[in-house]
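Chain by chain, the residues:
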Amino acid sequence: MTTQEVRLCGLLLQEHFGNVVEKVGTHLIRSGVLTLRALAHETKLPLDLVKKSLCVLVQHGMCTFGAGRRGPAGPVEYRINCEHVFHMLRYPRYIYTAKSLYGDTGELIVEEILQRGHMTMSSTVKTVADRLTHNMPEGQSMDYSEVVSVFSQLVETHFLQRCPPLASAGSSSSGAVDTPLPVATQPTEPESHPDCYKLPYINLTGQGKRRRSSEDGEADQCAAKKARTDNSECGDDDGIYWQVNFQRFHLHFRDQAIISAVSCKLDQSSSEIVRTMLRMSEVTTPAHAAFTQALSANEIFRALLSRSPDARPILDQYLSLLVDDPMEFVGKTGDSGGGMYVVNLHRALANLARATLESVVQERFGSRSARIFRLLLRKRHLEQKQVEDFAMIPAKEAKDMLYKLLSENLVQLQEIPKTPDYAPSRTFYLYTVNQLPTARLLLQHCYKTVGNLIERRLYETKENKRLLEKSQRIEAILASLQATGAEAAQLTEVEEMITVPERQQLESLRHHINKLDSSENQVDETIFLLKSYINSTQASR
Amino acid sequence: MTEVKVKKESTDPVDIENRIKELCLQFPHGITDQVIQNDMPHVEVQQRAMAINRLLSVGQLDLLKNSNGLLYRLKDAQSASKVKGSDNQEKLVYQIIEDAGNKGIWTRDIRYKSNLPLTEINKILKNLESKKLIKAVKSVAASKKKVYMLYNLQPDRSVTGGAWYSDQDFESEFVEVLNQQCFKFLQSKAEAARDSKQSPMVQRNSSFATSHEVWKYICELGISKVDLSMEDIETILNTLIFDGKVEMTIIAAKEGTVGSVDGQMKLYRGVNPIIQPTGLVKIPCGLCPVFDDCHEGGEISPSNCVYMAEWLDF
């Protein structure tokens, strides 16, 4: 774990779960694998606090445990999955995707499950129905069956999945056979469970209950939060917990990026074709495959017919255009069935990562440096004179730009000696760009940037704490006055307790915080592209 | 008995020289000593040598060396008249410069070839320059280096740098202007193709332009004072490719179609970038020059970052 990653994890844990969890979490990240006792000893926190923090982390799937180095007889060891912590950055994007695909119901389901980590289906349905009913006009209420249908849709398209069962849970009732705990180094893949996407057969009927405003809302996120046991009776699906399938969401984002790239580069119809192809191979393609499953042109035509009747020869033309494009989004693998086509996922990701790198260089150093950078990406190794000639930039300026890029480590120098002593006058110096290490470098930059943004946000909030508290008090007073039916004069009097400059300050603070929030999401997009490219390259090696 | 007087052929030196000159005319590639000997067997070695030396000094004969031995060639009458009045050294230097052709030759190289001291060389060069026989051309590769070549020769491209250099200065504005013009041409072609709403294959093919078409367009625009060849235009189009605005394909073309080189034609097409500027660059941190020095609690930190403060108020 790099410094920046640890720092970012710490900030995210603190923001979502509080100081105690943050302390436990960062210590565990830094140390790798630890037993409970060691963890408590080193963080100097009381044992039960450590236990509760670990519970929170396990609940959200960020911490895994298993038999340690001393084998099944020794103490259990815990480790943190950093990637999972970074997913917290992306929660808004997941929720937004669910909303765009499945409407408000889907949005709320995903939001609830993200908040709680693991949930049973019945409790999810009940909570979501209650929330929806709360927002509906008086007299209407949300039926459970609608929520159930959206839930099952989410499961069918693999956005939600069952949490992998722990071996010890099965043997807890019968003490006869001691099933060994899973080893800490190999967490069970949720997908290895055969019933991963099977909905439990439960009988859920009823409607959402409207909550009175005087009742307390859900307990807000606090340090040691556990899954709240519902007041309602135990459902039939006790023990079957559902979690969000992050990988599926990531595949969806990746597909979206590819489709938008195709539509930018070519045109709308081509992107529609690529979208259809990706949708058809959604559930059949393994996660880190370099290509999708091969699809025949006939199948694509049939799938497209449902959207807009495109004439068959036009489809063929579009497909051949896609194949001929230098970006190589789509490839042709055979001629049966009118032509077998695949989407080149790895190639597309590499192109997107490359475009990201180029855009960073362009924005940071100018378009001429970007020209040099692209030139080196294409031509691999070039001498300085050749760089000047190809890029048509005067020698002095080209030299300056190259050295600047070199100092920022975006460009590397390769020495090729003519003589065994590396005499400078008798050595070739070639400039080159390696895409993978540069992508990793930029990824670390992104992590640091997000850390900076979060810290700035916290700083801004801290600076204006007094003002925020005052405004909160005023709002509470206003709300209570309104509830008890006060006159307009009293209300305005209370409102005027906040002076105009203070109001302006509050306004600008809100503006700042919003901007910082939205920019976190923007940087997260870059992080996602670079990370997918790095993972895809490593998987294909 | 009358004495047969074998009339010796007149060994008049002038006759010998004329005979040698005639022989040279007969063999324009040059004659060896052997040939002269065969032709005039009665002439003694010394006389032959004297005649040849005289012709050389007058400048009517050229002395060359090849693998077999020495060759004598009749010098061109015109060039013979040019160096009349110069002495041997100057002639030697002039010859060296002439041999260098249109690439020119550097003073140090002249010194090596002629084995003359530097001061002499400089004097001779100045002399020749004043007589307008040679000229000095500044090389674009090393700006202090001067190469000499014959006065009426056009310097080679490698010395002057070709169309992009005027007086050893790289004309960046000229290149920029050409860059913009080519890009606009290709972009308008691509847009016209897109608006035509024909079948996609036809659309794509009509958005392509061959390098020949671009070359014609630029020539007709008339923004260039210098004549530009198709290779020059192709280097400009390559820079557009490196800008990411244009892509190129090569197709096979029939020999003889206009603009084809070795049976291939290069087609260029304006393209759009595949992503919008990425998220990282929308933040000041992505562009910050002191990014590496920034950490919490330091002089430069997110909390007191000036760039962020300005950006937030935007």
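Residues numbered from 1 in each chain as written. Chains lettered and ligands numbered in written order. Predicted model: local features only at pLDDT ≥ 70, side-chain atom pairs only at ≥ 80, totals over all residues. Heavy atoms only, no water.

Looking at an unreviewed UniProt entry, one finds chain B named DNA-directed RNA polymerase III subunit RPC6, with Sinocyclocheilus anshuiensis as its source organism. Per UniProt, chain B carries the Sequence similarities (unreviewed entry) text "Belongs to the eukaryotic RPC34/RPC39 RNA polymerase subunit family." Here chain B is described in UniProt, under the heading Subcellular location (unreviewed entry), as follows: "Nucleus". (UniProt positions renumbered as here; feature names shortened; annotations may be inferred.)

Going by what an unreviewed UniProt entry lists, chain A is known as DNA-directed RNA polymerase III subunit RPC3 and is assigned to Sinocyclocheilus anshuiensis. UniProt lists a comment for chain A under the heading Subcellular location (unreviewed entry), and it reads "Nucleus". Taken from UniProt, the Function (unreviewed entry) comment for chain A reads in full: "DNA-dependent RNA polymerase catalyzes the transcription of DNA into RNA using the four ribonucleoside triphosphates as substrates. Specific core component of RNA polymerase III which synthesizes small RNAs, such as 5S rRNA and tRNAs."

Peer 1: Tell me about the interface of chain A and chain B, residues and numbers included.
Peer 2: On the chain B side, the residues contacting the 53 residues of chain A number 50 residues. Between chain A and chain B lies a buried interface of about 4,700 Å² when both sides are counted; carbon and sulfur atoms form 64% of it. Counting the surface chain A buries against chain B, the share from its top three residues, Arg371(A), Met392(A) and Arg456(A), is 15%. Viewed at the interface, chain B and chain A are joined by 3 salt bridges. The salt bridge partner of Lys265(A) is Glu247(B), with a shortest N-O separation of 3.2 Å. Summed over the shared surface of chain A and chain B, the number is 16 residue pairs in polar contact (both at pLDDT 80 or more). With 11 residues, the top contributor of residues to the side of chain A that touches chain B is helix 18 (residues 435-463) of chain A. (Contact = heavy atoms within 4.5 Å. Buried area = accessible area lost by both parts, 1.4 Å probe. Salt bridge = Lys/Arg side-chain N within 4 Å of Asp/Glu carboxyl O. Polar contact = N/O pair within 3.5 Å; in protein donor to acceptor, adjacent residues only side chain to side chain. Helix = DSSP H or I, 4+ residues; strand = E, 2+ residues; numbered from the N terminus.)

Peer 1: Talk me through the sheet that holds strand 4 (residues 119-120) of chain A; I want residue IDs and the actual numbers.
Peer 2: All names here are of chain A. The 3 strands are arranged 4-6-5 in an open sheet whose pairing can be described as antiparallel. At either margin of the open sheet sits one strand with a lone partner, and together these are strand 4 and strand 5 (160-162). Summarising the sheet, strand 5 and strand 6 (residues 241-244) pair through 3 bridges and their orientation is antiparallel. Along strand 6, the bridge assignment pairs Gln 161 with Gln 243. (Pairing = 2+ DSSP bridges.)

Peer 1: Describe the environment of Leu114(A), and please don't skip the residues or the numbers.
Peer 2: All names here are of chain A. The residue Leu 114 is located in helix 6 (residues 91-116) in this model. According to the relative accessible area criterion, Leu 114 is buried, its value standing at 5%. In this structure, the C-alpha to C-alpha distance between Leu 114 and Glu 388, residues 274 residues apart in sequence, is 53 Å. In this structure Leu 114 touches His 60, Tyr 91, Tyr 94, Ile 95, Val 244 and Phe 246, once residues within four positions along its chain are discounted. (Buried < 20%, exposed > 50% of the residue type's maximum accessible area, 1.4 Å probe, protein only.)

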